[in-house]
Amino acid sequence: MEFTKMQGLGNDFILTENLMKLKRDWPNIAKKLCHRNLGIGADGLILVEPSNIAEYKMTIYNSDGSLAKMCGNGIRCFGKYLYDKRYLQKSEFSVETDSGIKHLVLKIQFNKVVSVQVDMGPPFFEPKSIPVLAQGDKVVDKYLKVIDKGFTFTALSMGNPHAVIFLDEIDNFPVEKYGPLIEKHSFFPDKVNVEFVSVKKDGSLKMRVWERGVGETQACGTGACATLVAARVKGVVNNTAKVHLKGGTLKISWKGENVLMTGPAETVFTGNVTI
Ligand SMILES: N[C@H](CCC[C@H](N)C(=O)O)C(=O)O
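All values reported here derive from a predicted model rather than from experimental measurement.

**Description of the domain arrangement of the chain**
Phase 1 of the analysis: Here the chain is partitioned into domain 1 (2-108 + 264-272) and domain 2 (127-257).
Phase 2 of the analysis: Each of domain 1 and domain 2 has a C-alpha centre, and these two points are 24 Å apart.
Phase 3 of the analysis: Contacts between the two partners involve 17 residues from domain 1, matched on the other side by 19 residues from domain 2.
Phase 4 of the analysis: Per-residue buried area on domain 1 facing domain 2 is highest for Leu9, Asn62 and Met70; these three make up 40% of the total on that side.
Phase 5 of the analysis: The interface formed by domain 1 and domain 2 includes 0 salt bridges.
Phase 6 of the analysis: Summed over the shared surface of domain 1 and domain 2, the result is 6 residue pairs in polar contact (both at pLDDT 80 or more).

**Examining the site of the ligand**
Phase 1 of the analysis: In the vicinity of the ligand there are 14 residues, among which Asn62, Gly72, Glu211, Gly221 and Thr222 approach most closely.
Phase 2 of the analysis: Asn193 is positioned such that a nitrogen or oxygen atom in its side chain is 2.9 Å from an oxygen atom of the ligand.
Phase 3 of the analysis: Within the side chain of Thr222, one N or O atom sits 2.6 Å away from an oxygen atom of the ligand.
Phase 4 of the analysis: When the free accessible area of the ligand is taken as 360 Å², the share hidden by the protein chains comes to 99%.
Phase 5 of the analysis: Residues from two domains meet in the shell around the ligand; each of domain 1 (2-108 + 264-272) and domain 2 (127-257) gives at least three.

**Quick look at the UniProt feature "active site" (unreviewed entry) in the chain**
Phase 1 of the analysis: Within the UniProt annotation, "active site" (unreviewed entry) is assigned to Cys71 and Cys220. For the residues just named, distributed over 150 residues, the greatest C-alpha separation is only 7.7 Å, placing them together at one site.
Phase 2 of the analysis: By the element assignment, Cys71 lies in the loop between β5 (67-68) and α2 (72-84).
Phase 3 of the analysis: Here Cys71 falls in the buried class, since its relative accessible area comes to 9%.
Phase 4 of the analysis: Not counting residues within four places of it along the chain, the set of residues in contact with Cys71 comprises Phe13, Met58, Ile60 and Thr222.
Phase 5 of the analysis: Secondary-structure assignment places Cys220 in the loop between β14 (215-217) and α4 (221-233).

**Quick word on helix α1 (residues 26-34)**
Phase 1 of the analysis: Buried within α1 we find Trp26, Ile29, Ala30, Leu33 and Cys34. End-on view of α1: buried residues confined to an arc of 115 degrees, all on one side of the axis.
Phase 2 of the analysis: On its buried face, α1 sits against β2 (11-17), β3 (44-50) and β4 (56-62).

What counts and how
- Residues numbered from 1 in each chain as written.
- Predicted model: local features only at pLDDT ≥ 70, side-chain atom pairs only at ≥ 80, totals over all residues.
- Heavy atoms only, no water.
- Domains from an automatic or database assignment.
- Contact = heavy atoms within 4.5 Å.
- Buried area = accessible area lost by both parts, 1.4 Å probe.
- Salt bridge = Lys/Arg side-chain N within 4 Å of Asp/Glu carboxyl O.
- Polar contact = N/O pair within 3.5 Å; in protein donor to acceptor, adjacent residues only side chain to side chain.
- Near = heavy atom within 4 Å.
- Areas by Shrake-Rupley, 256 points an atom, 1.4 Å probe, with all protein chains shown as cover.
- UniProt positions renumbered as here; feature names shortened; annotations may be inferred.
- Helix = DSSP H or I, 4+ residues; strand = E, 2+ residues; numbered from the N terminus.
- Buried < 20%, exposed > 50% of the residue type's maximum accessible area, 1.4 Å probe, protein only.
- Arc of directions from axis to C-beta.

Here it is as structure tokens:
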């Protein structure tokens, strides 16, 4: 199987083409190939597939083999892949995902993709659309206790579920202790991606993420979008802000309708693997 290893702010993926839409055991292939000691090593496996409603379809599996319906860093890599492979001779196009069609705009300089802007669609707040077990039409500052610590979280979907927690300081916060407990909490029937966020004096946001089906990653595109939206709902940030992640910075904007995310995408290496 030919593959291309790519990354967006250190959130890394194995891309491979499945243009015949072969029904393979992709969850187990993802687990095997994403393993950092026994496989290629990545946060996820992305399939490049044909689409009847957009140029191509992005299907993404987390490193634990679970199907993820959307991936922000992954779709920027996907867009760069299509352009670099000359599958598309344009810099604006749509990609089908399991969370709907997303529109991409590639910034090209000297025939090189320098950044990708993605229209990530609207956030969803309705508890059943996230899903989260809660009342009301929005889940803002809901209390949650895990072992010895209470948190308040704001929940929303960017096509995948997010629980955003605001803290004064995140650099030394034990994400690896509390992240998995919140990820698998009974409030979240489909589990959840967990963002730990601090608001900076310059109006930017700093975020660490425990990703559903992966663990702590260097960056999370949908998580950065969820973070900006939750901060807007709480009135602690403007409608456009930089979100600083371990792996770098994303520019996120939300003016009440669709969320726009802009950031880099890089190819690391290509190869062949026997599965
Ligand atoms: N772990 C996520 C999918 C990957 C999202 C993240 N890598 C991003 O850049 O949005 C989930 O299960 O919903």
